[in-house]
Amino acid sequence: MNGPKPVNQRAWWLVLPVLVSVAFSAIIPLMTVVNYSVQDILGPTQRVFVGMEWFREVLRDSELHGALLRQLVFSGAVLLIEMPLGVALALAMPQSGWRASLALVLFAMPLLIPWNVVGTIWQIFARPDIGMLGHALTQLGFDYNYAQHSMDAWITVLLMDVWHWTSLVALLAYAGLRSIPEAYYQAAAIDGASRWAVFRHIELPRLRSVLMIAVLLRFMDSFMIYTEPFVLTGGGPGTATTFLSQYLTQKAVGQFDLGPAAAFSLVYFLIILLVCFMLYSFMKDIDTRESP
Amino acid sequence: MSSRPSRAFPGRTLLIALYCVFTLAPIYWMVHMSMRSNEAITSTFSWLPESLSLANYIRIFTDPAWYGGYINSLIYVAINTLLSVGVALPAAYAFSRYSFLGDKHLFFWLLTNRMTPPAVFLLPFFQLYTAVGLMDTHLAVALAHMVFNVPLAVWILEGFMSAVPREIDETAYIDGYSFPRFFARIFLPLVKAGSGVTAFFCFMFSWVELLLARTLTSVDAKPIAATMTRTVSAAGMDWGTLAAAGVLTLLPGALVIWFVRKYIAKGFAMGRV
């Protein structure tokens, strides 16, 4: 943009309320989790320090490796589908008038349904015998059954996520597009720029910060997806759609392994942190390379 | 606006039409289920509901446990949205305009608070809020949800604020505006689109969050999403009531986006200063 930002330490006062409100609910619970991860909890008052034991156990767990691989493939697919589709939708949405309002409300709907209900609705919606999607696919001659075929279960979970979350990308990109001053478009029209050139050199660079948020949000949330696949497929068939957080919850709640579960969640957190930091640095890098 | 350059591209109407069908199909199915009995839902397929029965809706509106859930959710979601956007606005301004000690680390740290599966935090949260005596209050849920909403709000708002040229601030300060007056009168109107979207997302993420809300409440502040889990019973799943409750969860959010749509669609108008 235009030169470096001025240094002003008093800006801390503006940030302080955020710091206090987030730290209150974040730091104390995080410390508790770190504390659990190095102890064997035998009872409310009985605990033994075990050091790195749980971390070693977690890293050797082969079921975990399977869940991690599935999770990475799933999040990758989510980003590859939802980002381009969301941006395309934002560009295609009407710019003003009642049609724009209607599109906004319509697209916001999937976001507003509690996640357990999303899973339940899709559970019926995709059933081959009594659901609209399953019924339609069967009528078209597909041998579709998400409860039995791993591939079908995968596609259904992915399709549900696309349905549920593409709107988030679209709404963010839409608001970003609306913030581009009209003068930029007029200048491009005078230059006789093609539609693609307008997108590539005006819209895309100005959307960068909202798209960065969208990429990070979609990565984090899809990497932690729990409720919807749990309700839809229960992780099955077999372990075909058992993603990381479901495996974690099985450990923490099902087996009462508080220590290993805490170690697991710290490893989990570090993976998300690492990938987010890579995505963030990568997109920041484009930013400094391409801005005039 | 004299000459609006065309922003159309081939296939755009088709794309929107197809996506609308895709979005509406599961929602249609939810409305469809909400008007049928459980026997009908689980036994026969039909494109249209056999009857337009409102029995499931009547059950929700006459049972205080059901409609109370909506009221509780609305209260803590409203508190959360106001607090989150309120603290995020000045912070996002600071991040977008100044450099200060630790700014980049702090900015990224904020986001790391969204990176932990909520299941991990359930027990520590329960202990923390019991210790400070906030259990089963709307404020507890609103504060807990700030962990993921405040970072989101700061990040989105910072993006929109950075798009506003810094000359606007400088001109206003030279004209003798104080910071609060400048912020409220000149700057906020310029980031309306971002504020609208941010408020909607805070509302949305708080509205659909279930695990924390359920853990921190028992009776007085029980959220609607927790009430919905009651539909699973020994007699099987109460699909119809769940679908009707699902349809009703759409309404408050649809109203919110209807109210902020003007801000989102308008974006900012340059040259106002």
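Residues numbered from 1 in each chain as written. Chains lettered and ligands numbered in written order. Predicted model: local features only at pLDDT ≥ 70, side-chain atom pairs only at ≥ 80, totals over all residues.

1. Describing the overall build of chain B
Thinking step 1. In terms of helices and strands, chain B carries 13 helices and 2 strands.
Thinking step 2. For chain B, the C-alpha atoms occupy an extent of roughly 70 × 60 × 30 Å along the three principal directions.
Thinking step 3. Looking at chain B as a whole, 47% of its 273 residues are labelled buried.
Thinking step 4. Taking as baseline every contact in chain B between residues at least 6 positions apart, the subset at least 24 positions apart corresponds to 83%. (Helix = DSSP H or I, 4+ residues; strand = E, 2+ residues; numbered from the N terminus. Buried ≥ 20, exposed ≤ 12 C-beta atoms within 10 Å, placed from the backbone. Contact = placed C-beta atoms within 7 Å.)

2. Quick word on the domain arrangement of chain A
Residues and elements named next belong to chain A.
Thinking step 1. Assigned domains within chain A: domain 1 (10-51) and domain 2 (61-290).
Thinking step 2. One C-alpha centre belongs to domain 1, the other to domain 2; they are set 29 Å apart.
Thinking step 3. Domain 1 puts 8 residues into the contact, and the matching count from domain 2 is 6 residues.
Thinking step 4. Counting residues per element, the ones that place at least two in the side of domain 1 that touches domain 2 are helix 1 (11-37) and strand 1 (39-41).
Thinking step 5. The dominant element in the side of domain 1 that touches domain 2, judged by the number of residues it contributes, is helix 1, at 4 residues.
Thinking step 6. Among the residues forming the side of domain 1 that touches domain 2, the class breakdown is 5 nonpolar, 2 polar and 1 charged. (Domains from an automatic or database assignment. Nonpolar A, V, L, I, M, F, W, Y, C, P; charged D, E, K, R; others polar.)

3. Comments concerning the interface of chain B and chain A
Thinking step 1. Contacts between chain B and chain A engage 90 residues on the former and 86 residues on the latter.
Thinking step 2. No other element matches the 14 residues that helix 13 (residues 239-266) of chain B contributes to the side of chain B that touches chain A.
Thinking step 3. Within the side of chain B that touches chain A, the residues separate by chemical class into 67 nonpolar, 17 polar and 6 charged.

4. Remarks on the environment of Thr 215 of chain B
Residue and element names in this part refer to chain B.
Thinking step 1. Within the secondary structure layout, Thr 215 lies in helix 11 (residues 211-215).
Thinking step 2. Here the alpha-carbon distance between Thr 215 and Phe 126, two residues 89 residues apart in the chain, equals 6.8 Å.
Thinking step 3. Apart from residues no more than four positions distant in its own chain, Thr 215 is found in contact with Leu 122, Phe 125 and Phe 126.

5. What to know about the domain arrangement of chain B
Thinking step 1. By domain assignment, chain B separates into domain 1 (10-53) and domain 2 (64-239 + 248-266).
Thinking step 2. The gap between the C-alpha centroids of domain 1 of chain B and domain 2 of chain B is 31 Å.

6. Structural notes on helix 4 (residues 64-97) of chain B
Thinking step 1. For helix 4 of chain B, built from 34 residues, the straight-helix expectation of 50 Å at 1.5 Å per residue is met to within 8% by its first-to-last C-alpha distance of 49 Å.
Thinking step 2. For helix 4 of chain B, the principal kink sits at Leu 89 of chain B and spans about 30°; a proline, Pro 90 of chain B, occurs within the next four residues. (Expected span 1.5 Å × (residues − 1). Bend = angle between axes of the 7 residues up to and from the residue.)

7. Looking at the packing of helix 7 (residues 150-178) of chain A against helix 10 (residues 192-208) of chain B
Thinking step 1. At a minimum axis distance of 9 Å, the contact between helix 7 of chain A and helix 10 of chain B shows a crossing angle of 165°. When the interaxial angle is binned, helix 7 of chain A and helix 10 of chain B end up roughly antiparallel. The two elements helix 7 of chain A and helix 10 of chain B cross, and the hand of that crossing is right-handed. Here Leu 171, Leu 172, Ala 175 and Arg 178 of chain A of helix 7 of chain A come into contact with helix 10 of chain B, specifically with Ala 193, Gly 194 and Val 197 of chain B.
Thinking step 2. Grouping the constituent residues of the contact of helix 7 of chain A with helix 10 of chain B by class yields 5 nonpolar, 1 polar and 1 charged. (Axes fitted to C-alpha atoms, helices over the stretch in contact; angles between N-to-C directions. Parallel < 35°, antiparallel > 145°, perpendicular 65-115°, else oblique. Left-handed = near helix turned anticlockwise from the far one by under 90°.)

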